[in-house]
2 protein chains.
Amino acid sequence: MARMQDIADKLGISKGTVSKALNGTANISEELQKKILETAVELGYTKKLRRQKDTEKKLCILIDNMEYKETHHFAYDIILGFRQLAEPAGYTVDVVQVTDKLQKDTPYDVFMIQNNYIGAFVMGFNFATPWMKDFHTSKIPAVLYDNYVFDNPTVAYVGVDNNEGMTLAVSHLKQQGHKSIGYLSAALGSHIMQARHKAFFHALRQAGLNADRTRARSTYMIAECVEKYLPKLLEMGVTAIICSHDQLANAAMLQCQQLGYHVPEDISIIGFDDLPFCAYTAPPLTTIRQNRIQIGKSGFHVLESLINQISIGTLLLHAQLIIRSSTGEAKTEK
Amino acid sequence: MARMQDIADKLGISKGTVSKALNGTANISEELQKKILETAVELGYTKKLRRQKDTEKKLCILIDNMEYKETHHFAYDIILGFRQLAEPAGYTVDVVQVTDKLQKDTPYDVFMIQNNYIGAFVMGFNFATPWMKDFHTSKIPAVLYDNYVFDNPTVAYVGVDNNEGMTLAVSHLKQQGHKSIGYLSAALGSHIMQARHKAFFHALRQAGLNADRTRARSTYMIAECVEKYLPKLLEMGVTAIICSHDQLANAAMLQCQQLGYHVPEDISIIGFDDLPFCAYTAPPLTTIRQNRIQIGKSGFHVLESLINQISIGTLLLHAQLIIRSSTGEAKTEK
């Protein structure tokens, strides 16, 4: 593990100068500071917990492409759960909304070292998020919500068990007589959408139901998904549709109703996530719950474990099927 | 959640009598105590952390079919890691070797309640272990090492990431020019052996290598495995063999040498687990490490989370490939 002295030796400068650069003191040139930070990253330098005072135990929650400021926003409770454990344990937690500009201007490791963060909890990243690639090589502890990185001992994946969730959903539908089930999904450009897509087919096969690839449709735009793909599934004769997330499920319900189908009498709909609005849709939405407070708490546990060199790779919470009124007995053949 | 009063009401006896039975006081009949315990289990009664004094925070480690008493035994370090976190946190930890007789005489939940255990860490169970079925319905927090139970919010699975491990092993062999890889395994009568078997084929397919089912062989007896199945793999022309665990890998190496093959010049061998002896075999064994101290520590973290109603389902540690001398460049065709 690289120390300040190693960085100083490599650049032929004093350790004091390195310390200034890493601790953000202003009286050195920007160019030199940049060089020192880049060398620090190259040599695998990380801020160590034991070298920091308690007031300096700083963690960050990095958010991209996700709402979190109001109680009904998806990420609100996750952050709350994280803070509920992190702050009593003596950590400072900064929530940082990362822009594309920030990510393109500053490598992830440099950002972390510059700001004295000893660990990150990362939400809302997809395959195209610029910093995503940095997690393959970074030596700074990071926990990725709903994202998986192979073979980096300081990076972990935390989320809900999508296989368990889909299996619960498909079993519930099968018990109600459904044999032809469809799937609507957001685009498969993120780990989580790929995982749920795969879990859907796995659950169908386990249940002994038709798992033909054509019964799953995915796209970037919710409008396209419900206007173009939903009717195709209905034409195929599906009696139930599982959706990759609750907003899409709600849009699908509305579209079904516009097309003259009754939910659940003609078609059953299941969402994923159990967002607060699901209890208030018409009809109230059956969905797979991920407990967001628990995700935040588990995220902190795993991050603290990584900081203490316990090399967790994956933590999955149990999924839970919340049965409301958007699912019912399968319509028998006319 | 059932209380003592509920049990008393159901049986038409006093709460004091229920308390005596649940706390093991001797002055009631065995028959009545049995009835009370069974009713407690039926009603879902569990000992609660908050009702216990610190001296009564009792956990147990249940072991079947696994050695743990000496430092070179597989389970020794797992127990050590568990204790390293549990005891400073105020828990008493009993290690209980469970016999078939105990399991057949006493249902799991009754055993836990009788002994005031608020959670269990469970090692060495397979599909045939009598108490295994009890984890599907038990409401007492339990963490199963290398065993998975679907859809019980108070039971979790902790282990190493077998997919990551197998992918690392296959990638390493592929880099050294191996194209035909075989697999020898203990019988597939446990979750972990099934998981590794599946992971082996997954890794082959990911690497674009021949994943024909005939290249994997499994059996109960190590002797049968190496005497009967190993020669078949060699006849098929494999240049490398991955084994489901280190003892089998070592037996396979010895058998190869008896048959006149040099390891790794003629055939590369990879184990799984990284037991202490792997550094001392001839040649030293390349293997996939599971860090057993970290498994114990993670097991405790997860158990404490379940006790605090954080419903973790799965925790996987990063696997690590330890490259020693039993693997080398693939032999080119004669």
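Presented here is an overview of the structure given in this document. (Residues numbered from 1 in each chain as written. Chains lettered and ligands numbered in written order. Predicted model: local features only at pLDDT ≥ 70, side-chain atom pairs only at ≥ 80, totals over all residues. Heavy atoms only, no water.)

## What to know about the packing of helix α9 (residues 222–236) of chain A against helix α10 (residues 246–258) of chain A
Residue and element names in this part refer to chain A. Note the threshold: Lines fitted to C-alpha atoms define the axes, with helix axes restricted to the stretch in contact, and inter-axis angles between N-to-C directions lie between 0 and 180 degrees. The helix and strand labels rest on DSSP assignments: H or I over at least four residues marks a helix, E over at least two residues marks a strand, and numbering proceeds from the N terminus. Angular relationships are summarised with four words: roughly parallel below 35 degrees, roughly antiparallel beyond 145, roughly perpendicular across 65 to 115, and oblique for the angles in between. Note on convention: the crossing is left-handed when the near helix lies turned anticlockwise from the far helix by less than a right angle, right-handed when the turn is clockwise. Residue contacts follow a heavy-atom distance rule, with two residues in contact if any of their heavy atoms lie within 4.5 Å. Residue polarity is assigned by list, with Asp, Glu, Lys and Arg as charged and Ala, Val, Leu, Ile, Met, Phe, Trp, Tyr, Cys and Pro as nonpolar; anything else, Gly included, falls into the polar class.
Put simply, α9 and α10 touch, their axes get as near as 10 Å, and they point 45° apart. Compared by their axis directions, α9 and α10 come out oblique. The element α9 and its partner α10 pack so that their crossing is right-handed. Residues I222, C225, V226, E227 and L230 of α9 touch α10, and the partners they reach there are Q247, L248, A251, A252, Q255 and C256. Residue composition of the contact of α9 with α10, by class: eight nonpolar, two polar and one charged.

## Here we look at the packing of aromatic side chains
Residue and element names in this part refer to chain A. How we decide: Stacked, tilted and edge-to-face are the three classes applied to pairs of Phe, Tyr and Trp rings, where Trp contributes its six-membered ring and a pair requires centres within 6.5 Å; stacked means planes under 30 degrees apart, edge-to-face means over 60, and tilted covers the rest. For the exposure calls, accessible area comes from a 1.4 Å probe over protein chains only, and a residue counts as buried if that area is under 20% of its type's maximum, exposed if over 50%, partly exposed in between.
A complete count under the given rule lists 24 aromatic pairs over all chains for this structure. Seen from their ring centres, Y183 and F200 are 4.8 Å apart, and the 15° between their planes marks the pair as stacked. Linking Y183 in strand β6 (residues 181–186) with F200 in helix α8 (residues 191–206), this pair joins segments that are 17 residues apart in sequence. The exposure classification of Y183 matches that of F200, with both residues buried. Three or more aromatic residues link up through ring pairs in this structure, and these residues are Y108, F111, Y117, F125, W131 and F135.

## Side note on the interface of chain B and chain A
Note the following rule: Accessible area that two parts lose when put together, with a 1.4 Å probe and added across both, is what the buried area reports. Salt bridge, as used here, is a side-chain nitrogen of Lys or Arg placed within 4 Å of a carboxyl oxygen of Asp or Glu. We call two N or O atoms a polar contact when they sit within 3.5 Å, provided that within protein one can donate a hydrogen and the other can accept it, with sequence-adjacent residues counted only if both atoms are side-chain atoms. Only strands joined by at least two bridges in the DSSP assignment are considered to pair.
Taken residue by residue, the interface counts 27 residues in chain B and 27 residues in chain A. A combined buried area of about 2200 Å² lies between chain B and chain A, and 58% of that area is made up of carbon and sulfur atoms. Counting the surface chain B buries against chain A, the share from its top three residues, B:F150, B:I310 and B:H318, is 26%. Across the contact surface, chain B and chain A share zero salt bridges. The tally of links from chain B across to chain A stands at 16 residue pairs in polar contact (both at pLDDT 80 or more). When contributions to the side of chain B that touches chain A are tallied by element, the ones reaching two or more residues are α7 (162–175), α11 (292–307) and β11 (312–317) of chain B. For the side of chain B that touches chain A, the residue count by class is twelve nonpolar, eleven polar and four charged. Pairing of strand β11 (residues 312–317) of chain A with β11(B), which is carried by five bridges, proceeds in the antiparallel orientation. Its bridge partner lying in β11(B), A:L317 is registered against B:I312.

## Let's talk about the sheet that holds strand β1 (residues 58–63) of chain A
In space, the twelve strands of this open sheet follow the order β2(A)-β1(A)-β3(A)-β4(A)-β5(A)-β11(A)-β11(B)-β5(B)-β4(B)-β3(B)-β1(B)-β2(B), with mixed pairing throughout. On the outer flanks of this sheet lie β2 (92–97) of chain A together with β2 (92–97) of chain B, each paired with one strand and no other. Across the sheet, the axes of successive neighbouring strands diverge by a mean angle of 20°, strand direction being ignored. With six bridges connecting them, strand β1 (residues 58–63) of chain B and strand β3 (residues 117–123) of chain B associate as parallel partners. Residue pairing across strands places B:C60 opposite B:A120, the latter belonging to β3(B).

## Digging into the relation of the copies chain B and chain A
Counted only if it meets this: Overlaid copies result from least-squares superposition on C-alpha atoms, with residues included only where pLDDT is at least 70 in both.
The transform that puts chain B on chain A rotates by 180° and translates by 0.0 Å along the axis, for an RMSD of 0.1 Å. Read as a symmetry element, the transformation amounts to a two-fold axis. If distances are taken from each C-alpha of chain B to the rotation axis, the shortest is found for B:L315, at 2.2 Å. Interface overlap between copies: 100% of the residues of chain B at the interface are likewise at the interface in chain A, consistent with a symmetric, same-surface contact.

## Side note on helix α3 (residues 30–42) of chain A
Residues and elements named next belong to chain A. We apply this condition: One less than the number of residues in a helix, times 1.5 Å, gives the span that helix is expected to have. The arc under discussion is defined with respect to the helix axis, by the directions toward the C-beta atoms.
Between the first and last C-alpha of α3 there are 18 Å, a value that for 13 residues agrees with the 18 Å anticipated at 1.5 Å per step. Here α3 has its buried residues at Q33, I36, L37, T39 and A40. Summarising the axial view, the buried residues of α3 lie within an arc of 165°, below the 170-degree limit, and thus occupy one face. Facing away from the buried side of α3 by more than 90 degrees, the exposed set consists of E30, E31, K34, K35 and E42. Packing partners of the buried residues in α3 comprise α1 (4–11), α2 (15–22) and α6 (108–114).

## Let's talk about the nonpolar core
Applicable threshold: Within this scheme, the nonpolar core is defined by two criteria: the residues are buried Ala, Val, Leu, Ile, Met, Phe, Trp, Tyr or Cys, and they are joined through side-chain atoms within 4.5 Å.
A:M123, A:L184, A:I269, B:M123, B:L184 and B:I269 are the most contacted members of the largest nonpolar core, which totals 104 residues. Filtering out sequence-adjacent residues up to four positions away, B:M123 remains in contact with B:I61, B:L62, B:I63, B:D64, B:M66, B:A75, B:I78, B:I79 and B:Y145.

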